[in-house]
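What the coordinates show
Each chain is listed here by its residues.
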Amino acid sequence: MDIATIVLVDMTLREGRIRRAAKLCGRPPSSVSAAVRRFEQAISVPLLRRDGAMLMPTLEARTRISEIALAAETAMLLAGGESSGADAVPPVRLAALDRFVKIARTGSIRSVARTLGLGQPQLTRQMADLERHLSRRLFERAHSGVICTEAALAAIPLAEKLLQSWGRLTRASDDRFRRDATTWRLGAVMPLGPESEIARMLAALTAAWHAAHPRQHLFISSTTADELVTGLKSRRFDAVLLDVADYPSEFDGRLVSQTPLALAGPAAKLSAMGDLAQLLCSSPIAVPSVKSGLRREATRFLEDTLSESERRRITLVEVDSIPVIINLVTHHGYLSVLPESSLARVHRPPAMIQLAPAYKQSLTLVWPRRALWAQVGEALFRMMTAAAARS
């Protein structure tokens, strides 16, 4: 890691835009993007998520923002004092600063080189590069080794402060890694509610997993199908439960269950239904975002049922929360396409019309194509199908 990268990352977190941060730092946007990736890899934490045109800090990044800002501020002071701008910070590596502090404390390049297992000429060249990057003389030769210049004495506390800050950032990530090493992370589509098929299945899975693997934790997190696939590719999840039958060919998976879908709505509207197309065009339809598999099935039903001109007349309201959608259907006169069995378990369920068998919610467990993940995936699949059979 180098101090320029730390400053670029801090600026990106502050501005929320790669291009804006790049302009302020006088760097190409590609360099800023690369700096963010390097930093994320170094601390094993995703820093940013996209929210429209903005980049927002992840929840894990928020806990580290103040430490990153402190490190960036110290790096800029080290690079040139309070007047130093972000564009003036050189790519000085933290390893070089650590060696500089060791040499300053011992007064001997030879002694530090021997301790680190390096050649003295190599360490001497590294200190010369450091002096060039910082545009100041750090050491003067003496009979017994080296002595620090006034500039070096001023740089030592800043270098130590920066190294301590980086140590806290990496320690937090090391702690997280140790926790993750004993945890399997399952991503799942969002349940309709506490009595839904997905919620009941995941609860039974959690209980069965912890009974069978008391030392191996199972962490479950819910989001949309597209984000689950992205998380599986980035190794944020070890396996995911998708609400689609198909999945990227780079993964393995098993179909867990399929549930018929129903058109849900106010009883008065559905009982008086004459023309289905007229009903769909006259009432707002609440649907999840296009990132969900359920939305794809709802879209397919609407495309099969309505003509192109009729589809232009419908009103779709996107809500990425199934409980909110059910509330809209139950209390506000909306229609929606939802799994029939899950709706039936809702307290005071809305009226429903079962759709054709072609329209169904498929739950598929997917995992990476590697032996260890396959073993865990198959174990999860067996537990989930057992839970589905009991429900």
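Residues numbered from 1 in each chain as written. Predicted model: local features only at pLDDT ≥ 70, side-chain atom pairs only at ≥ 80, totals over all residues. Heavy atoms only, no water.

As recorded in an unreviewed UniProt entry, the chain goes by the name LysR family transcriptional regulator, listed as coming from Sinorhizobium numidicum. The heading Sequence similarities (unreviewed entry) in the UniProt record of the chain holds the text "Belongs to the LysR transcriptional regulatory family." (UniProt positions renumbered as here; feature names shortened; annotations may be inferred.)

A tally of regular secondary structure across the chain gives 18 helices and 13 strands. In terms of overall dimensions, the chain is more spread out than a globule: its C-alpha atoms have a radius of gyration of 29 Å, far above the 21 Å expected for 391 residues. By its C-alpha atoms, the chain is 100 × 50 × 35 Å across when sized along the principal axes. Looking at the chain alone, contacts between residues at least 24 apart form 71% of all its contacts between residues at least 6 apart. On the chain, roughly 19,400 Å² of surface is accessible, and the fraction owed to carbon and sulfur atoms is 52%. Between the averaged position of the 51 positive side-chain charges in the chain and that of its 38 negative side-chain charges there is a distance of 4 Å. (Helix = DSSP H or I, 4+ residues; strand = E, 2+ residues; numbered from the N terminus. Rg over C-alpha atoms; globule rule 2.2 N^0.38 Å. Contact = heavy atoms within 4.5 Å. Areas by Shrake-Rupley, 256 points an atom, 1.4 Å probe, with all protein chains shown as cover. Lys, Arg positive; Asp, Glu negative; His and termini not counted. Charge placed at Lys NZ, Arg CZ, Asp CG, Glu CD.)

Attention now goes to the UniProt feature "domain: HTH lysR-type" (unreviewed entry) in the chain. UniProt's entry tags residues 1-58 and 92-149 with the feature "domain: HTH lysR-type" (unreviewed entry), counted in the numbering of this structure. Secondary structure across residues 1-58 comprises 62% helix and 14% strand; the distance between its end C-alpha atoms is 21 Å. As annotated, residues 92-149 has a helix share of 62% and a strand share of 14%, and its two end C-alpha atoms lie 19 Å apart.

Moving on to the pattern of salt bridges. Inspection of the entire model under this criterion finds 17 salt bridges. Note that Asp129 and Arg132 form a salt bridge whose closest N and O atoms lie 3.5 Å from each other. Separated by three residues within a single helix, Asp129 and Arg132 lie in helix H8 (residues 120-134), roughly one turn from each other. For Asp129, a relative accessible area of 36% corresponds to the partly exposed category. For Arg132, a relative accessible area of 53% puts it in the exposed group. With its nearest N and O atoms 3.0 Å apart, the salt bridge here joins Arg369 to Asp252. Residue Arg369 is found in the loop between strand S13 (360-368) and helix H18 (371-390), and its partner Asp252 is found in strand S8 (residues 251-265); the two are separated by 117 residues along the sequence. (Salt bridge = Lys/Arg side-chain N within 4 Å of Asp/Glu carboxyl O. Buried < 20%, exposed > 50% of the residue type's maximum accessible area, 1.4 Å probe, protein only.)

On to the packing of aromatic side chains. Applying the stated criterion across every chain, the model contains four aromatic pairs. With 5.4 Å between their ring centres and 80° between their planes, Phe39 and Trp166 make a pair best called edge-to-face. Placement of the pair is Phe39 in helix H3 (residues 29-43) and Trp166 in helix H9 (residues 150-181), with a sequence separation of 127 residues. The interplanar angle of 50° and the centroid separation of 5.7 Å between the aromatic rings of Phe100 and Phe139 together place this pair among those described as tilted. You can see Phe100 sitting in helix H6 (residues 94-106) and its partner Phe139 sitting in strand S3 (residues 139-142), a full 39 residues away along the chain. For the pair formed by Phe100 and Phe139, the shared burial category is buried. (Phe/Tyr/Trp six-rings, centres within 6.5 Å; stacked < 30°, edge-to-face > 60°.)

Turning our eyes to something else, we now look at the packing of helix H1 (residues 3-15) against helix H5 (residues 65-80). Closest axis-to-axis distance for the H1/H5 pair is 9 Å, and the angle between their directions is 130°. One element, H1, and the other, H5, form an angle in the oblique class. Regarding H1 and H5, the two cross each other, and that crossing is left-handed. Between H1 and H5, the residues in contact are Ile3, Ile6, Val7, Val9, Asp10, Leu13 and Arg14 and Ile65, Ile68, Ala69, Ala71, Ala72, Ala75 and Met76, respectively. Residue composition of the contact of H1 with H5, by class: twelve nonpolar, no polar and two charged. (Axes fitted to C-alpha atoms, helices over the stretch in contact; angles between N-to-C directions. Parallel < 35°, antiparallel > 145°, perpendicular 65-115°, else oblique. Left-handed = near helix turned anticlockwise from the far one by under 90°. Nonpolar A, V, L, I, M, F, W, Y, C, P; charged D, E, K, R; others polar.)

Of all the residues in helix H16 (residues 322-332), the buried ones are Ile322, Ile325, Ile326, Leu328 and Val329. Seen along its axis, H16 keeps its buried residues to an arc of 155°; they face one direction. Exposed side chains of H16 directed beyond 90 degrees from the buried face belong to His331 and His332. Packed against the buried residues of H16 are S8, strand S9 (285-287), helix H14 (293-305), strand S11 (336-339) and helix H17 (340-344). (Arc of directions from axis to C-beta.)

Taking every second residue as pointing to the same face, the buried face of strand S2 (residues 54-57) carries Leu55 and Pro57, while none of Met54 and Met56 on the other face is buried. Hairpin remark: strand S1 (residues 48-51) followed by S2, antiparallel, with two residues in the connecting loop; positive phi at Gly52, about 65°. (Pairing = 2+ DSSP bridges.)

Before going further, it helps to spend a moment on the environment of Met56. Note on placement: Met56 falls in strand S2. Owing to a relative accessible area of 24%, Met56 belongs among the partly exposed residues under this scheme. Remark: the alpha-carbon pair of Met56 and Leu263, spanning 207 residues in sequence, is separated by 36 Å.

A word on the confidence of the model for the chain. Predicted confidence across the chain gives a mean pLDDT of 86, with 94% of residues reaching 70 or more. In the model, residues 177-181 has pLDDT below 50 throughout and makes two contacts with residues more than four positions away in sequence or in other chains. (pLDDT = per-residue confidence, 0-100.)

The next subject is helix H11 (residues 225-233). For H11, the complete set of buried residues consists of Ala225, Leu228, Val229, Gly231 and Leu232. Buried residues of H11, viewed axially, fall in a sector of 160°; they line one side. Of the surrounding elements, those touching the buried residues of H11 are strand S5 (183-188), strand S7 (239-242), S8, H14 and S13. Following H11 by one or two positions, Arg235 has its phi on the positive side, about 70°.

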